[in-house]
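If you want the building blocks of each chain, they are given just below.
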Amino acid sequence: MAPSCVRKLSTNTPLPPRDAVLKCAANKVQLNQLICELIMDDQEFLDKVTSTYHLVVSAVKPVPTVVHKGKKRAELQLSE
């Protein structure tokens, strides 16, 4: 799609129509980044969800982050 399809996505604005996001790679990257940032910034959620399980968040960073029992660490073994 043309570069004009790129939207500026943020947590403070409503999402554009589904097709506007999902048919443009740049918008999908932005949405993925927003979701990952929201998850990683919510310590209460991370404490609750990772008390038993490990959560791996990769987003667009070259090294994924693993969260377990609310503690975050870079997982170098999973990086390229």
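Heads up: the structure comes first, above all this text.
Anyway, here's the lowdown on the structure attached to this text. (Residues numbered from 1 in each chain as written. Predicted model: local features only at pLDDT ≥ 70, side-chain atom pairs only at ≥ 80, totals over all residues. Heavy atoms only, no water.)

**Examining unusual backbone geometry**
Link 1 in the chain: Phi is positive for Lys 69, close to 55°, though the residue is something other than glycine.
Link 2 in the chain: Topologically, Lys 69 is positioned in the loop between strand 2 (65-68) and strand 3 (71-74).
Link 3 in the chain: We classify Lys 69 as exposed; its relative accessible area is 55%. (Helix = DSSP H or I, 4+ residues; strand = E, 2+ residues; numbered from the N terminus. Buried < 20%, exposed > 50% of the residue type's maximum accessible area, 1.4 Å probe, protein only.)

**Topic: the nonpolar core**
Link 1 in the chain: Cys 36, Met 40, Leu 46, Val 57 and Val 67 together form the largest nonpolar core, which totals 5 residues.
Link 2 in the chain: Here Cys 36 is in contact with Val 57 and Ala 59, once residues within four sequence places are set aside. (Core = buried A, V, L, I, M, F, W, Y, C linked by side-chain atoms within 4.5 Å. Contact = heavy atoms within 4.5 Å.)

**Quick word on the side chain of Asn 27**
Link 1 in the chain: Residue placement: Asn 27 occurs in helix 2 (residues 25-41).
Link 2 in the chain: Judged by its relative accessible area of 0%, Asn 27 is buried.
Link 3 in the chain: In this structure Asn 27 touches Cys 5, Val 6, Arg 7, Leu 9, Ala 20 and Val 21, once residues within four positions along its chain are discounted.

**Let's talk about a negative patch on the surface**
Link 1 in the chain: On the surface, a cluster of negative charge is contributed by Glu 37, Asp 41, Asp 42, Glu 44 and Asp 47.
Link 2 in the chain: Elements supplying a minimum of two residues to the negative patch: helix 2 and helix 3 (43-49). (Patch = residues over 30% accessible without salt bridge, like charges linked within 9 Å, V, L, I, M, F, W, Y side chains within 5 Å. Areas by Shrake-Rupley, 256 points an atom, 1.4 Å probe, with all protein chains shown as cover. Salt bridge = Lys/Arg side-chain N within 4 Å of Asp/Glu carboxyl O. Lys, Arg positive; Asp, Glu negative; His and termini not counted. Charge placed at Lys NZ, Arg CZ, Asp CG, Glu CD.)

**Quick look at the environment of Ala 59**
Link 1 in the chain: With respect to the helices, strands and loops of the structure, Ala 59 is situated in the loop between strand 1 (55-57) and strand 2.
Link 2 in the chain: The contact partners of Ala 59, leaving out residues within four places of it in the chain, are Asn 32, Gln 33 and Cys 36.

**Notes on the sheet that holds strand 2**
Link 1 in the chain: One open sheet holds the 3 strands; their spatial order is 1-2-3, and the pairing between them is antiparallel. Here the strands that pair on one side only, and so sit at the sheet edges, are strand 1 and strand 3. Each neighbouring strand pair of the sheet contributes to a mean axis angle of 25°, computed without reference to strand direction.
Link 2 in the chain: Examined bridge by bridge, strand 1 and strand 2 share 3 bridges and lie antiparallel to one another. If you follow Val 57 over to strand 2, its bridge partner there is Thr 65. (Pairing = 2+ DSSP bridges. Axes fitted to C-alpha atoms, helices over the stretch in contact; angles between N-to-C directions.)

Function cannot be inferred from these measures alone, as they are strictly geometric.
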